[in-house]
Amino acid sequence: MWRRILAILVARNREFYRDRAGLGWNIFMPILMVLAFALIFSGEPEDPFKVGVVAVDGALPPATEGFLALDHIKFVPVTDVETAITQVDRHQLDLLLDPRTKPLTYWVNSESPRGYLAEHLLLGAEAGTGGAGSPGAGHERRTRSGAALRYADWVLPGILAMNIMFSSLWGEGWVIVRYRKNGVLRRLKATPLTPFEFLTAQVLSRLLVVMFASLFIYVGVDLL
């Protein structure tokens, strides 16, 4: 018994390392993924706060003192105010300032913890330069509300696209290659079935499978 098990084990190992595609996929692909992710997510640490500033003549106003001169805050020039307000609603911007108005107008999400801190940094910086230090005092405060984009909301479209891609690749192209390798296509050649009909059936079958699988994943994730 053990001799037969050993013989199958050796044969299976030989089959694996002789298959260059499978060997490369199992050895080199994880290395490439690690290197790719290391490159993508490398870089300097991000600033803890992100504040949108309505651009004046297409650029940020000069930051000599006050809130705009603080470190560790990423100030983003904004040209489309409505889009920026939506980003405040979704916690993508912690604060939105409009320096063109007198008094200063700013938008803050009342449900955002970072927005709460950014607002107090703004008021504290203004108080340090002679301004008011209480919320809304000396400024026009406009509150917004809305839930933050969850990680699942952000990653789901990519997962669905990747699932469609791999399902189409392995469920369509690889199956036809396997049919050719196993002699199925040669046997089908002796039937009235044309190549166009065969390929059309394969594509329609995979479209139905991918559609229902994607719908199942989407509904399942939404319920969870």
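Residues numbered from 1 in each chain as written. Predicted model: local features only at pLDDT ≥ 70, side-chain atom pairs only at ≥ 80, totals over all residues. Heavy atoms only, no water.

(A) Highlighting the overall build of the chain. Within the chain, the secondary structure is distributed over seven helices and five strands. The helix and strand sequence of the chain, counted from the amino end, reads α-α-β-β-α-β-β-α-β-α-α-α. Looking at the chain as a whole, 24% of its 224 residues are labelled buried. Looking at the chain alone, contacts between residues at least 24 apart form 60% of all its contacts between residues at least 6 apart. (Helix = DSSP H or I, 4+ residues; strand = E, 2+ residues; numbered from the N terminus. Buried < 20%, exposed > 50% of the residue type's maximum accessible area, 1.4 Å probe, protein only. Contact = heavy atoms within 4.5 Å.)

(B) Examining the pairing of strand β4 (residues 105–109) more closely. Within β4, five of the five residues are buried, which leaves it mostly tucked inside the rest of the structure. Burial along β4 is two-sided: T105, W107 and N109 facing one way and Y106 and V108 facing the other are all buried. Where strand β3 (residues 95–98) folds back on β4, the antiparallel hairpin that results is connected by six residues. The pairing of β4 with strand β5 (residues 140–144) spans five bridges and is classified as parallel. Bridge pairing links Y106 to R141 in β5. (Pairing = 2+ DSSP bridges.)

(C) A look at the nonpolar core. With 15 residues, the main nonpolar core has V51, F67, L95, L97, Y106 and L122 as its most contacted residues. Elements with a contribution of two residues or more to this core: β1 (49–54), β2 (73–78), β3, β4 and α4 (113–128). One finds V78, A84, L96 and W107 within the second-largest nonpolar core, a separate group that totals nine residues. (Core = buried A, V, L, I, M, F, W, Y, C linked by side-chain atoms within 4.5 Å.)

(D) Unusual backbone geometry, seen in detail. Here the bond from K102 into P103 is cis, since omega is 0°, no more than 30 degrees from zero. Position of P103 relative to the elements: it lies in the loop between β3 and β4. The backbone of H72 sits at a positive phi, close to 65°, despite the residue not being glycine. Structurally, H72 is set in the loop between β1 and β2. In this structure H72 comes out as exposed when scored by relative accessible area, which is 57%. Unlike most non-glycine residues, H91 shows phi in positive territory, near 65°. Summarising the element assignment, H91 is placed in the loop between α3 (81–89) and β3.

(E) Region of interest: a nonpolar patch on the surface. Among the surface-exposed residues, I159, M162, M165, F166, L169, W170, W174 and V177 lie close enough to one another that they form a single nonpolar patch of about 770 Å² accessible area. With respect to the element layout, W170 can be found in helix α5 (residues 151–182). A relative accessible area of 41% means that W170 is categorised as partly exposed. (Patch = residues over 30% accessible without salt bridge, like charges linked within 9 Å, V, L, I, M, F, W, Y side chains within 5 Å. Areas by Shrake-Rupley, 256 points an atom, 1.4 Å probe, with all protein chains shown as cover. Salt bridge = Lys/Arg side-chain N within 4 Å of Asp/Glu carboxyl O.)

(F) Broad picture of the packing of aromatic side chains. Tallied over the full model, the rule gives two aromatic pairs. Their ring planes at 90° and their centres at 5.6 Å tell us that F67 and F75 sit as a pair that is edge-to-face. The exposure class of F67 is buried, given its relative accessible area of 2%. Ring plane angle 50° and centroid distance 6.2 Å describe the contact between Y179 and F198, whose orientation is recorded as tilted. One end of the pair, Y179, is in helix α5; the other, F198, is in helix α7 (residues 195–223), and 19 residues separate them in sequence. (Phe/Tyr/Trp six-rings, centres within 6.5 Å; stacked < 30°, edge-to-face > 60°.)

(G) Quick peek at the sheet that holds β1. With mixed pairing, the five strands of this open sheet are ordered in space as β2-β1-β3-β4-β5. A strand with exactly one partner marks an edge of an open sheet, and here the two such strands are β2 and β5. Averaged over all neighbouring strand pairs, the angle between strand axes comes to 25°, with direction disregarded. Packing against the sheet, α3 makes contact with β1, β2, β3, β4 and β5, and its axis sits at approximately 35° to β4. (Axes fitted to C-alpha atoms, helices over the stretch in contact; angles between N-to-C directions.)

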